[in-house]
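An overview of the molecular structure
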Amino acid sequence: MKIIELVRYLKNVQEAEKFIDIEFPDLEYDLVDIYMINKIDPHSDIVFFDAEKIPNKLIIDIEGVTYENLFPLNMVQDMVEELVNNNKKISDLEIADFLLSYRKKDA
């Protein structure tokens with residue numbers, strides 16, 4: 001899954017929680033951290049980790065694969081919902097670009 005595909009599930013908290021419950025029933029919504037494989041990039045695949053079961057680091061290596069932290073899921077969901085509430089016509093691509101730009105430049 002790429003970040004643009006995830007955006008559609010994050011426009012409100014109910015959809016985000018439902019997504020996690022269905023796709024990752026063993027993960028608790030408030031403990032989900034989003035990581036990107038190799039680097040922060042729109043083409044990188046994303047993965048979800050239980051924040052309590054991984055090192056608290058920006059970049060982690062698990063079994064030879066490098067993962068770079070984007071944000072906790074609940075934080076991304078808040079940002080997406082705010083963007084949508086402020087601009088009903090914003091596209092998923094614009095939201096994804098904002099998230100990646102924010103992470104690279106501001107976070």
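In the block above lies the structure referred to throughout.
A brief structural summary. Remember, predicted model here, so these are calculated numbers, not experimental data. Sequence order as written defines residue numbering, which begins from 1 separately in each chain. At least 70 in pLDDT is required for a residue's local features to be given in this predicted model, at least 80 for side-chain atom pairs to be given and counted, and no such filter applies to totals for whole chains, interfaces and linings, which use all residues. To obtain the side-chain values, all non-hydrogen atoms of the structure were included, while hydrogens and water were left out.

Note on classification: 1.4 Å probe, protein chains only; a residue is buried when its accessible area is under 20% of the maximum for its type, exposed when over 50%, partly exposed between these limits. Only DSSP runs of H or I covering at least 4 residues are called helices, and only runs of E covering at least 2 are called strands; the numbering of each starts at the N terminus. Of all the residues in helix H2 (residues 13-23), the buried ones are Ala16, Phe19 and Ile20. Seen along its axis, H2 keeps its buried residues to an arc of 95°; they face one direction. Residues Gln14, Asp21 and Ile22 are exposed on H2 and point more than 90 degrees away from its buried face. Note on contacts: a residue pair is in contact if any heavy atoms of the two residues lie within 4.5 Å. Among the structural elements, helix H1 (3-7), strand S1 (32-37), strand S2 (46-50) and helix H3 (73-86) are those in contact with the buried residues of H2. Between the side-chain oxygen of the N-cap and the backbone nitrogen of Gln14 there are 3.1 Å, and the N-cap of H2 in question is Asn12. What the arc covers is the set of directions going from the helix axis to the C-beta atoms. The term polar contact refers here to a pair of N or O atoms within 3.5 Å; inside protein, the definition further demands a hydrogen-donor-capable atom paired with an acceptor-capable atom, and it admits residues adjacent in sequence only when both atoms are side-chain atoms.

Although it is not a glycine, Asn38 sits at a positive phi angle of roughly 75°. In this structure, Glu63 is a non-glycine residue whose phi angle is positive, near 50°. With respect to the secondary-structure elements, Glu63 resides in the loop between strand S3 (59-62) and strand S4 (65-72). Residue classification places Glu63 among the exposed positions, given a relative accessible area of 80%.

What makes a salt bridge here is a side-chain nitrogen of Lys or Arg within 4 Å of a carboxyl oxygen of Asp or Glu, nothing more. Applying the stated criterion across every chain, the model contains 3 salt bridges. Where Asp45 meets Lys2, a salt bridge forms, and the shortest distance between an N and an O atom there is 2.6 Å. Residue Asp45 is located in the loop between S1 and S2, and its partner Lys2 is located in the segment before H1; the two are separated by 43 residues in the primary sequence.

Treat this as a map of the structure, not an account of what it does.
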